[in-house]
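# Observations on the three-dimensional arrangement
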Amino acid sequence: MKTLIEPFKIKSIEEIPITTREQRERYLANAFYNPFFLRSEYVTIDLLTDSGTTALSSKQWAGLMDGDEAYAGSRSYYKFEDAVKEITGLKHIIPTHQGRAAEKILFTIAAKPGIVIPSNSHFDTTRGNIEYAGAEAIDNLVDVGSKPEVEAPFKGNMDLEKLRKLILEKGRENIPLCMLTVTNNTSGGQPVSMQNIRETKALCKEFGIPLFLDACRFAENAYFIKKREPGYENKSIKEIAQEMFSYCDGATMSAKKDGLSNTGGFLALNDDAMAEQAKVLLIITEGFLTYGGMTRRDLEALAQGFEEVLNENYLEYRIGQVKYLGDKLLEAGVPILQPTGGHAVYLDAKRFAPHIAPENFPGQSVLCELYLISGVRAVEIGSLMFGKADTNGNSQSPEMELVRLAIPRRVYTKSHIDYIAEACIETYNNREKLRGMEITHEVEYLRHFTAKLKFI
Ligand code: P70
């Protein structure tokens, strides 16, 4: 059979809002042309993020009822800890309410002015936490990773030559750890190969630098390795994930993604002394060691989620659904980042609206029009998220201007995806009318979350 079916049936439904264009014009203006300020009741299909938006399985709902809400020593915590240790093999598991809380703890310990944290690509909050600590976050993506029109199997990889150069230039003593984001969200949800993880580890080891995975989408990355990397076709997703983690000394994870849950995260460490420091910070900022800011029932949902995410039927559907959307857009000539990644389709706003300069936020303009046409909400990954002014006040832009259509896990059906494709095609047909934008209000860190904008 060639139809890719959802490997589940639906037990509970949630109505989605249907609005008119007139209404959406008002809603968007009231939201200062920033989708983060839109009320979800005005959004028909929500592709803002795949984070914490997963539909839970019936077994997870059962787990929520069964949660042991003890403050200390909760049975639900030990289930969660066992599940995380089974996959990561890491020694100390420090639960946090989401990924950035793990980052905050890690970089409170490791980062300060003068310190450099390399990665393949840092995502927004990771970069934000490093810069907030006064340190420098530096991306070392392979060149092909920032060419949206070029197809390659592992466009999320670390560029090992760039990394070596950076270590030599900045000095090993200023680099307390190196991060590797799997899959690479900034570069289009693109996977990192096992070979690249292994070689990054080897390079870090040469200099005595610990390697940390930013592991939000580890299972999607493992699936791509299975499908694309010779030697892994007969391994299970779990075995591949275990090998990925075997090369690292620590990990941060937003479990709101591949934990298949609505909240949660962790910091995992092998180093005893660092773990002791992290545990103190956890108790000061998040909660006790056996819940870290989560309700204990959330830990039940996560333990179950970690099992379900390793299911190959699920991953085939998941990655296949994203590809189905990408293929529809490509067929219609809509420029997207190729190949499609694990969790999202990324529209290439540079080719979509070449008449808008990066400093006038072409991606934001595209997503505003997409919302007006259809009620589909997306997010910009370009100059609004990662651009900034240099010391002379000139604006600096990242290499790519993207609009991310992040697909929540197990939430939308094939007809929803068809609707999204139609909306993108219609937006593309209207592209000449798109206008540039400017910011009317912004803050110093992570400005995209709260910026206010207007059309020029
Ligand atoms: C996303 C969300 C979160 C994230 C991540 C990576 C690779 C750490 C974190 C932090 C953030 C977001 C972006 C735009 C709109 C809404 C939300 N990514 N590392 O959607 O984790 O959010 O749990 O603190 O992708 O990609 P957390």
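Residues numbered from 1 in each chain as written. Predicted model: local features only at pLDDT ≥ 70, side-chain atom pairs only at ≥ 80, totals over all residues. Heavy atoms only, no water.

### Section: the domain arrangement of the protein chain
The criterion, for reference: Residue ranges for the domains originate in an automatic or database domain assignment. Only heavy atoms matter for contacts: two residues are in contact if any of them lie within 4.5 Å across the pair. Buried area adds together the accessible area that both of two parts lose upon being put together, with accessible area traced by a 1.4 Å probe. A side-chain nitrogen of Lys or Arg and a carboxyl oxygen of Asp or Glu constitute a salt bridge if their distance falls within 4 Å.
Splitting the protein chain by domain gives domain 1 (21-50 + 312-455) and domain 2 (58-308). Here domain 1 and domain 2 have C-alpha centroids that lie 26 Å from each other. Contacts between domain 1 and domain 2 engage 32 residues on the former and 38 residues on the latter. Of the roughly 2,900 Å² buried between domain 1 and domain 2 on both sides combined, carbon and sulfur atoms contribute 58%. Of all residues in domain 1, Pro 339, Phe 386 and Tyr 445 bury the most surface against domain 2, accounting for 18% of the area lost on that side. Taken together, the links from domain 1 to domain 2 amount to 7 salt bridges. For Asp 50, the salt bridge identified is with Arg 217, shortest N-O distance 2.8 Å.

### Quick notes on the packing of helix H12 (residues 312-331) against helix H16 (residues 414-429)
Stated precisely, the cut-off is as follows: Axis lines are fitted to C-alpha atoms, over the contacting stretch for helices. Their N-to-C directions set the angle, which ranges from 0 to 180 degrees. Strands are runs of DSSP state E lasting at least two residues, helices are runs of H or I lasting at least four, and both sets are numbered from the N terminus onward. Helix crossings fall into two classes, left-handed where the near helix is turned counterclockwise from the far one by less than a right angle and right-handed where it is turned clockwise. Amino acid classes used here: Ala, Val, Leu, Ile, Met, Phe, Trp, Tyr, Cys and Pro are nonpolar; Asp, Glu, Lys and Arg are charged; the rest, including Gly, are polar.
Relative to each other, H12 and H16 sit at 30°, their axes nearing to 9 Å. Here H12 and H16 pass one another in a crossing that is right-handed. Counted together, Gln 321, Tyr 324, Leu 325, Lys 328 and Leu 329 of H12 and Lys 414, Ile 417, Asp 418, Ile 420, Ala 421, Cys 424 and Ile 425 of H16 form the full contact between these two elements. Taken together, the residues of the contact of H12 with H16 sort by class into 8 nonpolar, 1 polar and 3 charged.

### Things to note about the nonpolar core
For the record, the criterion: Nine residue types can take part in a nonpolar core, namely buried Ala, Val, Leu, Ile, Met, Phe, Trp, Tyr and Cys, and a core is a set of them joined through side-chain atoms within 4.5 Å. In this scheme, a residue with accessible area under 20% of its type's maximum is buried, one over 50% is exposed, and one in between is partly exposed, where area comes from a 1.4 Å probe on protein chains only.
Ranked by internal contacts, the top residues of the largest apolar core, which has 61 residues, are Phe 80, Phe 218, Met 244, Phe 245 and Phe 306. The element best represented in this core is helix H8 (residues 218-228), accounting for 6 residues. In terms of domain composition, this core takes at least three residues from each of domain 1 (21-50 + 312-455) and domain 2 (58-308). Residues Leu 28, Val 43, Leu 329 and Tyr 371 belong to the second largest nonpolar core, which totals 43 residues.

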